[in-house]
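Architecture at a glance
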Amino acid sequence: MTLSPARVPATAVRRLTSTLYGYAFLDDFVLLYPVYALLFADTGMSLWQISSLFALWSITAVVLEVPSGALADAVSRRLLLWVGPLFNAVGFALWVIVPSYGAFALGFVLWGVGGALCSGSLEALAYDELERLGAADRYARVMGRVRAARLAATMASIGLAGPVFAVGGYLGVGAASVLACVLAAVAATRLPEHRAGRETGGDGWWLTLRTGLGEARGNRSVRRALLLIPAVAAVWGALDEYTPLLARDTGVAEATVPCLILLVWTLVTAASLLSGPAERLGTTGMAWLLAASALAMAVGAALRTPAGIALVGLAFGGFQLAEVLADVRLQHRIDDARRATLTSVASLGTELLTVVTFAAYALLGARAAHSTVFVILALPYLVTALVLGGRRNESPPGPPRAQ
């Protein structure tokens, strides 16, 4: 039974949120992130081999995304959240202990499995536990801070990777990454979970999957919410990989590029912290947010200056904020028994659209500058904004009333 707001135990909410933030930080505090491509190259991998490793990683995520979400609705989500980082730890250990193409490929498969197990599980557990405590209205604020914790971990790993690598080489950064994954698994065991009848298997993952997909097909509101997430998340998530190239084209020294990238992610992190107040935005408000962010990205990229990169960072922050709000809308619309399944369906859509964006960038980038490609790829956001703006100005549905 959901607790009334007056009876919400503040200590329980604090315990839940602090554990979520710690887990998110440790899960992305991987010092191998900024150097693993160098590890592959230094081991003798060709560009084709490195690209095939990235493709294997993406394929693993795509194949397992939705089935793993159904599994999270059928069994303990906390179990998957602590098992997932252990898969990552084994993969990272293989990379630095027996560096070879086979070990790299197996490591990416394990990383893909670990990521799929956790995708959807964290959001579903967080929403259900907040709802149980009568605090579902805090979900947007909490998930914004979870994303900020992940971004802070990524920035910290970028800053620490150099000094650790200078002392311990790839083995040093690999050991630190494995330790972070193990600590993330330990943190996950501290997450509360109250799901009567689910710990032993519930309805079974296949029935859960079929029922969840049936809800997406039959409920127009849920279907719109599902489509909105990849429409908001995919393009800027792919463009992030090309931002260093855009920054270098501004004419700054190579050593300045990391500073510009750090500025971009600082702005994105700051935007994540605004998720709570921004939850009051209606459909028209989100349309304006997307349109303004798209224009900022286009203008910033076209300027081809460091100040322009700052505008791109502001745009990415707007997209990140809209992504959190889109997730909030979905969580408010779906049933808790299929929450992880449908969250994973949205993630699958994001993965597939991200791959399409990569292909589009490759085709456009063969004939145009990076700045031009960024301008062109701002157009999908303007289209999404127009579609949202064409609807009546509805506020996002709120969490269920406390009982």
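What counts as what
Residues numbered from 1 in each chain as written. Predicted model: local features only at pLDDT ≥ 70, side-chain atom pairs only at ≥ 80, totals over all residues. Heavy atoms only, no water. Helix = DSSP H or I, 4+ residues; strand = E, 2+ residues; numbered from the N terminus. Contact = heavy atoms within 4.5 Å. Core = buried A, V, L, I, M, F, W, Y, C linked by side-chain atoms within 4.5 Å. Buried < 20%, exposed > 50% of the residue type's maximum accessible area, 1.4 Å probe, protein only. Axes fitted to C-alpha atoms, helices over the stretch in contact; angles between N-to-C directions. Parallel < 35°, antiparallel > 145°, perpendicular 65-115°, else oblique. Left-handed = near helix turned anticlockwise from the far one by under 90°. Nonpolar A, V, L, I, M, F, W, Y, C, P; charged D, E, K, R; others polar. Salt bridge = Lys/Arg side-chain N within 4 Å of Asp/Glu carboxyl O.

As annotated in an unreviewed UniProt entry, the protein is MFS transporter from Streptomyces justiciae.

Non-glycine residue Arg 304 carries a positive phi angle of around 55 degrees. Along the chain, the position of Arg 304 falls in the loop between helix 13 (283-303) and helix 14 (306-333).

Mapping Leu 260 onto the fold places it in helix 11 (residues 257-272). Considering only alpha carbons, one finds Leu 260 and Ala 247, 13 residues apart in sequence, at a separation of 6.9 Å. Among residues more than four places away in sequence, those in contact with Leu 260 are Ala 247, Thr 250, Val 252, Pro 306 and Ile 309.

So, on to the nonpolar core. Within the largest apolar cluster, 55 residues are counted, with the highest numbers of intra-cluster contacts made by Leu 239, Leu 290, Met 297, Phe 316, Phe 319 and Phe 374. Look past the residues within four positions of Leu 290 in its chain and what remains in contact with it is Val 232, Phe 319, Ala 322, Tyr 381, Thr 384, Ala 385 and Leu 388. Within the second largest apolar cluster, 27 residues are counted, among which are Ala 135, Tyr 139, Ala 140 and Val 328.

What follows deals with the packing of helix 4 (residues 77-97) against helix 5 (residues 101-118). The description of two packed helices rests on the angle between their axes and on the distance between the axes. At a minimum axis separation of 8 Å, helix 4 and helix 5 run at an interaxial angle of 165 degrees. The angle between the axes of helix 4 and helix 5 places the two elements in the roughly antiparallel class. The interaxial crossing formed by helix 4 with helix 5 has left-handed handedness. For the pair helix 4 and helix 5, contact is made by Leu 80, Leu 81, Val 83, Gly 84, Pro 85, Phe 87, Asn 88, Val 90, Gly 91, Phe 92, Leu 94 and Trp 95 and by Ala 103, Phe 104, Leu 106, Gly 107, Phe 108, Leu 110, Trp 111, Val 113, Gly 114, Gly 115, Leu 117 and Cys 118, respectively. The class makeup of the residues in the contact of helix 4 with helix 5 is 18 nonpolar, 6 polar and no charged.

This model, assessed by the stated rule, comprises 5 salt bridges. With its nearest N and O atoms 3.0 Å apart, the salt bridge here joins Asp 27 to Arg 150. Of this pair, Asp 27 sits in helix 1 (residues 10-28) while Arg 150 sits in helix 7 (residues 139-188), and the two are 123 residues apart along the sequence. Residue classification places Asp 27 among the buried positions, given a relative accessible area of 12%. On the accessibility criterion, Arg 150 (21% relative accessible area) is partly exposed. Across the pair Asp 128 and Arg 77 runs a salt bridge, and its minimum N-O distance is 2.5 Å. With Asp 128 in helix 6 (residues 121-132) and Arg 77 in helix 4, the pair connects residues that are 51 residues apart, well separated along the chain. Neither residue differs from the other here; Asp 128 and Arg 77 are each classed as buried.

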